[in-house]
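Chains, contacts and geometry: an overview
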Amino acid sequence: MSERFFSPCPRGLEGLLADELTALGASAVEAGQGGVAWQGDWPLAQRANLESRLATRVLWQVAEGRYRGEEDIYRLAYGVTWAKWFTADETLRVYVTSQKSPLKSLEFVTLRVKDAVCDHFRTVTGKRPSIDTREPDVRVHAFLTRDGVSLYLDTSGEPLYKRGFKRARVEAPLKENLAAGLLRWAGWPQIATDGGAFVDPMAGAGTLAIEAACMVYDVAPGLRRERWGFSRWRGHDADAWTEIRRDAEQRARAGVAEPGPEILAYDGDAEVVERARANVGHAGLGGRLSIETKPLRAWLPGEAPAHGLLALNPPYGERLGDKADMRGLYGRLGRTLLRCFGGWQGLVLTSDDALRHAVGLVPQATLAVSNGPLRCTALRYAIPERPEDGPAVPQPSKADRAEAAPFLNRLRKNLRARRRWAEREGISCYRLYDADVPEFNVAIDRYDRWLHVQEYEAPSRIDPELAARRLDLVVAVLPEVLGVAVDHVVLKRRRRSRGRVQYRPLAATGHRFVVEEGGHRFWVNLHDYLDTGLFLDHRLTRAMIEQRARGKRFLNLFAYTGSATVYAAAGGAKSTTTVDLSNTYLEWAEANLELNGLTPERHRLVRADVRRWLEHARDPYDLVFLDPPTTSTSKAMDERFEVGRDHLELVAAVMERLAPGGELLLSANARRFVLAEEVERRWQVEDLTAASLPPDFRREPPIHRLWSVRPRGG
């Protein structure tokens, strides 16, 4: 008799699971969001539990119906003959999931389904089953759509990715069914059939290598499990189940006895390797795969087998310092692939999509998946062969170059013009490209021998994966075209944000270096913050400040890293006062002053909220630079600042501190900023925007606006 089942699986594996269930003999197979619906008899359901490598559970549908409210769901659940399959002596747990259900509380729906099952037993037997949320004997699942509900009994019990052999766990755990699905998506075990090997250079718990071996040797994933959801059900045919298991055990023994491919796993941590070896032993695969201690950096050309699949799940790096390390790790990974695994297939799983570009290779295909609660991206590479004396850096393929041709042509054109201009002006830091081709939506800045690449947030109408692929292409071609080292390309993503997000740390490398501009020296950090410490679009603004500063008392508000202060001091300012709320940036400003031989006696640094500081300031100033953020919030601030709303009040407070004949240089970076009419009525205003935009930042709308504001008649 054919029954209806649903097997959930990790997001992204639905099509692969549908193929697997079809191969097992399922009918009416239909892949949907988060799983696969199918039909089959009870022996097939038991085989699916034992042999499916990709399913998370096998749920048996016992009822379905329509609903308007929770009571409709209660009545449907109460009418199911639960006592036919289990007794009130078994413990129970109810799970409820939904897609687009209008009901406000799934917790209340869960309670009503639980009440319905218990009330059914009380009516039939006079006894209610107990609830156990940790290790229940019976699991009931309810799935809600907009107006429909399906009820299921869980035939699996524990999730099927709990194979029963992994007893030693390590960091960055990978669900076994996701690992198996990704291996199948990457072409394994067909690669093994064609004589290819398998290598995981960052094995962790050994999950990928164990799943690869089980697939090759036909070891059913559930053979080591002892408990199943259906084991204690009424009517369970233990003899039939024993026969199904016996058949799988015979196939596994025969498979392991046959010669197989090289399956090699490595990790740099000897303790982790020992735990992974224990997992291999518990899986019954001793002698069929090798796990050794070897860090990624120790790989040398010629050590790997001739061809095969390299697969790895690198650590996720959730802390700031870890994230910085991850960029270096992914860069090393890309170079190792090219040096040691030319001609191989590659599979990399990452939970941080930005890290994929650090590999430097353009993936052949990508797959969005879920590893438990984590959204991840799987990357599949065809690793190019490298000539004996060729560079161990990514070399874009002809197809990649053709796809990136519009971007490459514009970049080369910009490079020819900007390089001559920069050499003539003595500039080492400048913008090379700014989304000139809309499809390649990035800004590229050169900082001496480094490149700072910022991806602008794509419109919602653009497929995120298409945008990611274009960014892959950009990162892949830059080292060759611009003659920089692969690990000197720093990638960031700019997102629409509120508050001081651009000032919050992205990493904690502490990596900084010195650049020169206008005869002055500045510390920059391309890695740790969204911005670098030197706003290149204000290059001419800083020169204006230097020209105006001689003999002046200079005030720098929202000073950031104090680059304008350095210019003013070098221009002969009588004194400077630099105000910012951030200790980090004031320390950076102090380092910039010291770097230029400027002593602190005449250059005061003040940590304060600018608006509150202006309320209490009494000293007059001859030249003021005011460059406020678009928005700002902080625990140290009394209230939120928004430049469009608050700039008139801010300008008025500055003008109160302006000495006779003094000048305020007001900058605004918000593209929609409109200067308040009251400013032009009360003071003498001159628009300096055109004169303040360097050639590498001349575009519409302008990246910043700049005004000179003076007292009328001054």
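Above this text you will find the structure in question.
Scope of this entry: the structure provided in the associated data block. Keep in mind that this is a model prediction, so the values were computed, not measured. (Residues numbered from 1 in each chain as written. Predicted model: local features only at pLDDT ≥ 70, side-chain atom pairs only at ≥ 80, totals over all residues. Heavy atoms only, no water.)

**Describing the packing of aromatic side chains**
Here is the rule: Centres within 6.5 Å make a pair out of two Phe, Tyr or Trp rings, where for Trp the six-membered ring is used; the pair is then stacked when the planes are under 30 degrees apart, edge-to-face when over 60, and tilted otherwise. Buried means the residue's accessible area, taken with a 1.4 Å probe over protein chains only, is under 20% of the maximum for its type, while exposed means over 50%, and partly exposed covers the values in between. We call a charge positioned over a ring when the NZ of a Lys or the CZ of an Arg lies within 6 Å of the ring centre and within 35 degrees of the ring normal.
Under the counting rule described, the total for this entry stands at 31 aromatic pairs. Consider the rings of Trp 82 and Phe 86, whose centres lie 6.5 Å apart with planes at 55 degrees: the pair is tilted. Of the residues examined, Trp 82 reaches a relative accessible area of 0% and is grouped as buried. Among the aromatic residues, ring-to-ring pairing joins Phe 5, Trp 38, Trp 42, Trp 60, Trp 82, Trp 85, Phe 86, Phe 121 and Trp 233 into one connected group. Over the face of the ring belonging to Tyr 95 we find Arg 57, whose NZ or CZ atom lies 5.8 Å from the ring centre. When the ring centre of Trp 299 is taken as reference, the NZ or CZ atom of Lys 294 above it lies at 3.7 Å.

**Considerations on the sheet that holds strand β16 (residues 442–447)**
Test applied: Two strands qualify as a pair provided DSSP detects at least 2 bridges between them. Secondary structure elements are defined from DSSP: runs of H or I of at least 4 residues count as helices, runs of E of at least 2 residues count as strands, and each element is numbered from the N terminus. Angles here are taken between N-to-C directions and fall from 0 to 180 degrees, while the axes themselves are lines fitted to C-alpha atoms, restricted in helices to the stretch in contact.
Sheet architecture is open: 4 strands sit in the order β15-β16-β17-β18, paired in mixed fashion. Sheet topology places β15 (429–434) and β18 (489–494) at the edges, where each strand pairs with a single neighbour. Looking at each pair of strands side by side, their axes are set apart by 20 degrees on average, direction ignored. Relative to strand β17 (residues 450–456), β16 is paired through 6 bridges, and the arrangement is antiparallel. When the sheet's bridge partners are listed, Tyr 447 is paired in β17 with Trp 450.

**What about helix α16 (residues 583–595)?**
Residues that lie three or four places apart on an α-helix share one face, since the helix turns once every 3.6 residues. Convention followed: Each helix should span, by expectation, one fewer than its residue count multiplied by 1.5 Å. Polar contacts here mean pairs of N or O atoms no more than 3.5 Å apart (in protein, one a potential hydrogen donor and the other a potential acceptor; neighbouring residues in sequence count only if both atoms are side-chain atoms).
For α16, which comprises 13 residues, the first-to-last C-alpha distance of 18 Å matches the rise-based estimate of 18 Å (1.5 Å per residue) to within 8%. Those residues of α16 that sit buried are Tyr 585, Leu 586, Trp 588, Ala 589, Ala 591, Asn 592, Leu 593 and Leu 595. A side-chain oxygen of the first residue of α16 lies 3.2 Å from the backbone nitrogen of Thr 584; this N-cap is Ser 582. A positive backbone phi angle near 70 degrees is found at Gly 597, which sits one or two residues after α16.

**Structural notes on the pairing of strand β7 (residues 148–154)**
A regular strand carries its side chains on alternate faces of the sheet. When you tally the buried positions in β7, you get 7 out of 7 residues, the bulk of the element. Burial along β7 is two-sided: Gly 148, Ser 150, Tyr 152 and Asp 154 and Val 149, Leu 151 and Leu 153, pointing in opposite directions, are all buried. Across 7 bridges, the pairing between strand β4 (residues 59–66) and β7 is antiparallel. Looking across to β7, one finds that Gly 65 is bridged to Val 149. Bridge count between strand β6 (residues 138–144) and β7: 5 bridges; the pairing is antiparallel. In the sheet register, Val 140 faces β7, and the bridge partner there is Leu 153.

**A few points about the pattern of salt bridges**
So the rule is basically this: Whenever Lys or Arg places a side-chain nitrogen within 4 Å of a carboxyl oxygen from Asp or Glu, that contact is recorded as a salt bridge.
Summed over the entire model, instances satisfying the criterion amount to 46 salt bridges. Between Arg 75 and Asp 72 there is a salt bridge, with the nearest N and O atoms lying 2.4 Å from each other. Taken together, the residues Arg 75 and Asp 72, both in helix α3 (residues 70–78) and 3 residues apart, mark about one turn of the helix. Residue classification places Arg 75 among the exposed residues on the basis of a relative accessible area of 51%. Judged by relative accessible area, which is 24%, Asp 72 ranks as partly exposed. Between Arg 611 and Asp 646 there is a salt bridge, with the nearest N and O atoms lying 3.8 Å from each other.

**Concerning a positive patch on the surface**
Quick note on the threshold: Patch building starts from residues that exceed 30% relative accessible area and form no salt bridge, then joins like charges within 9 Å and nonpolar side chains (Val, Leu, Ile, Met, Phe, Trp, Tyr) within 5 Å. The Shrake-Rupley method, run with a 1.4 Å probe, gives the accessible areas here. Residue values count only the displayed protein chains as cover. Neither His nor the chain ends contribute to the count of charged residues, in which Lys and Arg are positive and Asp and Glu negative. Every charge is mapped onto a representative atom, which is NZ of Lys, CZ of Arg, CG of Asp or CD of Glu.
Judged by side-chain charge, Arg 410, Arg 412, Lys 413, Arg 416, Arg 420 and Arg 424 come together as a positively charged surface patch. Topologically, Arg 416 is positioned in helix α12 (residues 405–425).

**Comments concerning helix α7 (residues 207–216)**
How we decide: It only takes one pair of heavy atoms within 4.5 Å for two residues to be counted as in contact.
Across the 10 residues of α7, 9 count as buried, placing the element largely inside the fold. Among the residues making up α7, those that are buried are Thr 207, Leu 208, Ala 209, Ile 210, Glu 211, Ala 212, Ala 213, Cys 214 and Met 215. Next to the buried residues of α7 lie α5 (176–185), β8 (197–200), β9 (263–267), α9 (270–282) and β11 (308–312). Just past α7, the residue Asp 218 takes up positive phi, approximately 60 degrees.

So yeah, pure geometry; function would need other evidence.
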